Amino acid sequence: MADLRNNFVGIKSPNPFWLASAPPTDKAYNVERAFKAGWGGVVWKTLGEEGPPVVNVNGPRYGAIWGADRRLLGLNNIELITDRDLYTNLREMKQVKMNWPDRALIASIMVPCEENAWKSILPLVEETGADGIELNFGCPHGMSERGMGAAVGQVPEYIEMVVRWCKQYTRMPVITKLTPNIADIRKPARAAKAGGTDAVSLINTINSITSVNLDTFSPEPSINGKGSHGGYCGPAVKPIALNMVAEIARDPETYGLPISGIGGITTWRDAAEFMVLGSGNVQVCTAAMTYGFKIVQEMITGLSDWMDAKGHRDLDDICGRAVSNVSDWQYLNLNYIAKAKIDQDSCIKCGRCHIACEDTSHQAITQFVDGVRHFEVMEDECVGCNLCVNVCPVQDCITMVALEPGTLDERTGKVVDPNYANWTTHPNNPMARQAAE
Ligand SMILES: Cc1cc2nc3c(=O)[nH]c(=O)nc-3n(C[C@H](O)[C@H](O)[C@H](O)COP(=O)(O)O)c2cc1C
Ligand code: SF4
Ligand code: SF4
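Owing to the predicted nature of the structure, the values given are computational and were not obtained by experimental measurement. (Residues numbered from 1 in each chain as written. Chains lettered and ligands numbered in written order. Predicted model: local features only at pLDDT ≥ 70, side-chain atom pairs only at ≥ 80, totals over all residues. Heavy atoms only, no water.)

A. Up close: the nonpolar core. Of all hydrophobic cores here, the largest spans 80 residues; its most connected members are Trp-39, Trp-118, Val-125, Ile-133 and Leu-202. With seven residues, helix 7 (residues 238-250) is the single largest residue contributor to this core. Once you skip the residues sitting within four places of it in the chain, Trp-39 turns out to touch Asn-15, Phe-17, Trp-18, Leu-19, Ala-34, Arg-103, Val-284, Ala-288, Phe-293, Ile-295, Val-296 and Met-299. Of all hydrophobic cores here, the second largest spans 14 residues; its members include Ile-342, Phe-375, Val-377 and Cys-397. (Core = buried A, V, L, I, M, F, W, Y, C linked by side-chain atoms within 4.5 Å. Buried < 20%, exposed > 50% of the residue type's maximum accessible area, 1.4 Å probe, protein only. Helix = DSSP H or I, 4+ residues; strand = E, 2+ residues; numbered from the N terminus. Contact = heavy atoms within 4.5 Å.)

This is the structure in structure tokens:
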């Protein structure tokens, strides 16, 4: 049985599945039940500074995107940080940590970008026995307009400054949570590292408007006829998050910096993908909000079964295993040639592959052969783009088959070269031509 125990920057938990800072972690009642269900750790809903708590809207705070089966694909929210009193949260955190010493309890914090504000809250948090802190530099709405959250996360110099304060004023490990609302995620990660962060976590939510009501012309969620942009999360954001995690994992300047992966994780497979791309553990929000706390049990058994089947003994065996396979486009092998192949036995003759290839790709799939409806790839036209694979409604009906080196590519009339060759040396590349001259 695979060993799922996790040690993330010295914070131990029985498995790598943490609940992200959000409604599932906003009070002891929730966190207690989450731990009972099996979650390895939680990042408590973000704490603000002492004094009157923030005020949330009193109407709808979520917008959504659904798949054709009404499954939730993307969730957008305009909720702020905790709207409960700081001391109530701290008291509950202390009690929960005492009740569950083997689970990770992280305090997420967002206070104004002033040294004193950070200096004052850190001892209060430390006193709860929390295992670490997460700096919320990601919230993209409401708080950012007050100079916090993403307003800090978008300025690398501020990130470095606040991380430095936190490292100075607490002994707890510091996890810096990054906003994806930035052009190059490596810059805030580098700044966090320069400030001395122990780890980064990402992604927080993405600026978004999910829909507009066409009767009232109000963006959703609508508060008395008006809407504001919110933070997008859930399965739809996973590809964006995975790329950002990989960017940090393979950046020579942040290489080796521990990463807590977040964004759309719903299944053990999603979690495994984040981990092989460099995450030391993962955090989950929308999946728990959609399916409840017990979803973690599927994640634990799924990850464990896969690791057993593949002979991976512990998390160190899988973390970062895919990072070296993430490449810049220019280094991809241009001598690798694949063609689509349709399995006639599973084809239901819907014609979607034909129309996609015919209208937007390379006119490489038949529609009729000898007057009979028949879908087949013409290898002399197929460029191997795999659009047909992605539009076919039958899984594995169309597969991509690589041509063996030495065989003929009927499209180009050339024999497949066994050697690796990329764009940097290709004769059509003006830079390569210049270098050769
Ligand atoms: C309603 C809601 C409230 C959230 N509140 C916080 C918060 O207080 N602090 C924080 O760091 N992230 C907050 N998040 C962001 C999540 O922690 C997480 O980064 C994001 O939802 C992406 O993960 P997911 O795709 O699994 O939901 C919130 C997300 C949602 C949906
Ligand atoms: S791989 Fe691309 S070019 Fe080839 S048949 Fe499919 S859609 Fe057409
Ligand atoms: S899309 Fe798939 S099922 Fe439909 S005709 Fe093409 S191969 Fe057959």
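B. Structural detail: the environment of Met-98. Along the chain, Met-98 falls in helix 2 (residues 86-99). Residue classification places Met-98 among the exposed positions, given a relative accessible area of 56%. Separated by 30 residues in sequence, Met-98 and Thr-128 place their C-alpha atoms 9.0 Å apart.

C. Expanded view of the sheet that holds strand 4 (residues 41-47). Taken together, eight strands build a closed barrel; the order of strands is 3-4-7-8-9-10-15-16 and the barrel is parallel. Taken over all neighbouring pairs, the strand axes of this sheet differ in orientation by 25° on average, direction set aside. Relative to strand 15 (residues 259-262), strand 10 (residues 199-202) is paired through three bridges, and the arrangement is parallel. For Val-200, the partnering residue across the bridge sits in strand 15 and is Ile-259. (Pairing = 2+ DSSP bridges. Axes fitted to C-alpha atoms, helices over the stretch in contact; angles between N-to-C directions.)

D. A look at the pairing of strand 14 (residues 230-233). Across three bridges, the pairing between strand 6 (residues 72-77) and strand 14 is antiparallel. Among the inter-strand pairings, Asn-76 is bridged to a residue of strand 14, identified as Tyr-232. Bridge count for strand 11 (residues 206-208) against strand 14 is three bridges, and the pairing is antiparallel. Bridge pairing in strand 14 places Ile-206 opposite Tyr-232.

E. Highlighting the site of ligand 1. Taken together, 22 residues lie around ligand 1, and Ser-21, Thr-46, Lys-177, Gly-264 and Thr-286 are the ones closest in. Taking Thr-46, its side chain carries an N or O atom lying 2.6 Å from a nitrogen atom of ligand 1. One nitrogen or oxygen atom from the main chain of Gly-234 is found 2.9 Å from an oxygen atom belonging to ligand 1. In isolation ligand 1 has 610 Å² of accessible area, and contact with the protein removes 98% of it. For the shell around ligand 1, the class distribution of residues is nine nonpolar, ten polar and three charged. (Near = heavy atom within 4 Å. Polar contact = N/O pair within 3.5 Å; in protein donor to acceptor, adjacent residues only side chain to side chain. Areas by Shrake-Rupley, 256 points an atom, 1.4 Å probe, with all protein chains shown as cover. Nonpolar A, V, L, I, M, F, W, Y, C, P; charged D, E, K, R; others polar.)

F. Main features of the sheet that holds strand 11. Reading across the sheet, the four strands line up as 5-6-14-11 and stay open at both edges, with antiparallel pairing between neighbours. Of all strands in the sheet, those with a lone pairing partner are strand 5 (62-66) and strand 11, marking the two edges. Between one strand and the next, the sheet's axes are offset by a mean angle of 35°, whatever the strand orientation.

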